Amino acid sequence: MNRKNKITAIIPTLNEEIHIQAAIDSVSFADEIIVIDSFSRDKTIEITEKNKVRVIQREFDDFSSQKNYAIERATHNWIYILDADERVTDLLRQEIITTLDQPNEFVGFFVFRTFYFLGKKLNYSGWQRDKVIRLFNREFCKYDGKLVHETIEAKGNIGYLKNKLEHYSYRGYDHYVNKLNHYSALKAKSLNEKGKKVTFYHILIKPPTRFIIHYIIRLGFLDGFPGFVISTVHANGVLTRYIKLWILRSKL
């Protein structure tokens with residue numbers, strides 16, 4: 001594509017055979033697509049290789065390292081990160097292209113996300129203003145090194161795109177719980193490395209507080225039963241994090 005600022009789209013994967021084709025199609029506007037795969041055991045790579053994309057396989061250690069590894073190997077400086085369960089809408093695609101074709105002062109852009117859970121769009125439950133930096137110039141931006149919930153560190157101004165990214169994060173209840181358990185394990189590892197200890201506050205106060213935040217303060221009750229489920233599972237995720245941390249600490 002003949003554009004002033006060319007884009008490399010990067011898709012991290014692990015066993016994403018359900019999502020990968022739609023994800024690749026979603027960033028077909030990019031000048032280069034890289035799939036950074038953590039040695040998937042399903043048909044992710046088989047499906048990926050039917051498309052004109054670069055495949056890099058690397059053993060997963062943490063989200064920041066995985067993404068930074070792929071970013072360093074991109075051909076172009078402008079990077080678009082797409083999780084396999086996300087979709088760039090037609091309106092967002094056009095906005096990305098138009099934005100990079102025009103002079104601007106930004107080194108990266110926040111993208112707001114529309115969150116879907118069990119096939120239902122959630123309007124509340126803490127996802128009202130969910131946003132992530134997905135489009136950025138790697139000369140000024142990189143991931144911060146956190147094991148989980150990694151964020152972009154930027155040397156420059158960050159703008160906002162108007163159109164939303166669609167986020168189909170959870171295929172089912174079990175998948176949702178397993179994903180949060182994975183995040184809990186990484187967070188526990190990070191806390192353990194910092195020498196954090198588990199107290200009764202972490203076990204008895206933080207989990208119900210998380211439920212209240214999602215279900216009451218962030219209006220999860222307006223999302224009906226899915227709002228209750230997602231608030232409950234997030235509370236349990238906090239409890240699981242500190243149980244895993246206690247287990248790690250007990251091995252010291």
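Residues numbered from 1 in each chain as written. Predicted model: local features only at pLDDT ≥ 70, side-chain atom pairs only at ≥ 80, totals over all residues. Heavy atoms only, no water.

Here we look at the layout of surface pockets
- Computed from the structure, the second largest pocket encloses a volume of approximately 160 Å³.
- N68, I71, E72, R138, E139, F140, C141, K142, E153 and K155 are the residues that line the second largest pocket.
- Looking at which element gives the most residues to the lining of the second largest pocket, the answer is helix α3 (residues 63-72), with three residues.
- Split into classes, the residues belonging to the lining of the second largest pocket amount to three nonpolar, one polar and six charged. (1 Å grid on protein atoms, 1.4 Å probe; cavity = no way out; pocket = protein on both sides within 12 Å on 5 of 7 lines; lining within 4 Å. Points joined across faces, edges and corners; volume = space filled by probe spheres on them. Helix = DSSP H or I, 4+ residues; strand = E, 2+ residues; numbered from the N terminus. Nonpolar A, V, L, I, M, F, W, Y, C, P; charged D, E, K, R; others polar.)

Side note on the nonpolar core
- Formed by 27 residues in total, the largest nonpolar core has its most connected members in I11, V27, Y80, V88 and I96.
- Secondary-structure elements contributing two or more residues to this core are β1 (7-13), α1 (20-26), β2 (32-37), β4 (78-81), α4 (90-101) and β6 (106-117).
- For this core, the element with the most residues is α4, which contributes four residues.
- When residues no more than four places from it in sequence are discounted, the contact partners of I96 are I7, F29, Y80, V88, L135 and L161. (Core = buried A, V, L, I, M, F, W, Y, C linked by side-chain atoms within 4.5 Å. Buried < 20%, exposed > 50% of the residue type's maximum accessible area, 1.4 Å probe, protein only. Contact = heavy atoms within 4.5 Å.)

Examining the pattern of salt bridges
- A full pass over the atoms with the stated rule returns eight salt bridges.
- Linking D61 and R58 is a salt bridge whose minimum nitrogen-to-oxygen distance equals 3.1 Å.
- Shared partners join several salt bridges into a network, and the residues in it are D83, E86, R113, D130 and R134. (Salt bridge = Lys/Arg side-chain N within 4 Å of Asp/Glu carboxyl O.)

Comments concerning the packing of aromatic side chains
- On inspection of all chains with the given rule, the structure shows twelve aromatic pairs.
- Between F136 and Y143, the ring centres sit 6.1 Å apart and the planes meet at 85°, which makes this aromatic pair edge-to-face.
- An aromatic cluster of at least three residues, connected via ring pairs, comprises F211, Y215, F221, F225 and F228.
- Over the aromatic face of Y69 sits the side chain of R73, whose NZ or CZ is 3.5 Å from the ring centroid.
- The lysine or arginine in question, K131, covers the ring of F110, its NZ or CZ lying 5.3 Å from the ring centre. (Phe/Tyr/Trp six-rings, centres within 6.5 Å; stacked < 30°, edge-to-face > 60°. Lys NZ or Arg CZ within 6 Å of the ring centre and 35° of its normal.)

Focus on helix α6 (residues 200-217)
- Along its 18 residues, α6 runs 23 Å from first to last C-alpha, staying within 8% of the 26 Å computed at 1.5 Å per residue.
- Along its length, α6 reaches its greatest deviation from straightness, about 35°, at K206, and the proline P207 lies no more than four positions downstream.
- Among the residues of α6, H202, P207, H214 and Y215 are the ones counted as buried.
- Directly after α6, the chain includes L219, whose backbone phi takes a positive value near 65°. (Expected span 1.5 Å × (residues − 1). Bend = angle between axes of the 7 residues up to and from the residue.)

Description of the pairing of β4
- Burial of β4 is two-sided: the residues W78 and Y80 facing one way and the residues I79 and I81 facing the other way are all buried.
- Here three bridges tie β4 to strand β8 (residues 131-137), and the two strands are oriented antiparallel to one another. Bridge pairing links I79 to F136 in β8. (Pairing = 2+ DSSP bridges.)

With respect to the side chain of D85
- Structurally, D85 can be placed in the loop between β4 and β5 (86-88).
- Residue classification places D85 among the buried residues on the basis of a relative accessible area of 6%.
- Discounting chain neighbours no more than four positions away, the residues touching D85 are H19, E166, H167, Y168, S169 and K179.

Here's the deal with a positive patch on the surface
- A contiguous patch of positive charge on the surface is contributed by K121, R129, K131 and K164.
- The residue R129 is located in the loop between β7 (120-122) and β8 in this model.
- Looking at R129, the relative accessible area reads 60%, which means it is exposed. (Patch = residues over 30% accessible without salt bridge, like charges linked within 9 Å, V, L, I, M, F, W, Y side chains within 5 Å. Areas by Shrake-Rupley, 256 points an atom, 1.4 Å probe, with all protein chains shown as cover. Lys, Arg positive; Asp, Glu negative; His and termini not counted. Charge placed at Lys NZ, Arg CZ, Asp CG, Glu CD.)

Some details on unusual backbone geometry
- Phi is positive for F39, close to 55°, though the residue is something other than glycine.
- Along the polypeptide, F39 turns up in the loop between β2 and α2 (44-48).
- Accessibility expressed as a relative area gives 37% for F39, which makes it partly exposed.

Let's talk about the side chain of D62
- Secondary-structure assignment places D62 in the loop between β3 (54-57) and α3.
- Among buried charged residues, D62 stands out as having no salt bridge; its nearest opposite-charge side chain is R58, 6.5 Å away.
- Within the structure, D62 has its side chain in polar contact with the backbone nitrogen of S65 (distance 2.7 Å). (Polar contact = N/O pair within 3.5 Å; in protein donor to acceptor, adjacent residues only side chain to side chain.)

Some remarks on the environment of D144
- Mapped onto the elements, D144 comes out in the loop between β9 (141-143) and β10 (152-154).
- The sequence separation of D144 and F63 amounts to 81 residues, and the corresponding C-alpha distance is 9.9 Å.
- A distance of 2.6 Å separates polar atoms of two side chains, one belonging to D144 and the other to T151.

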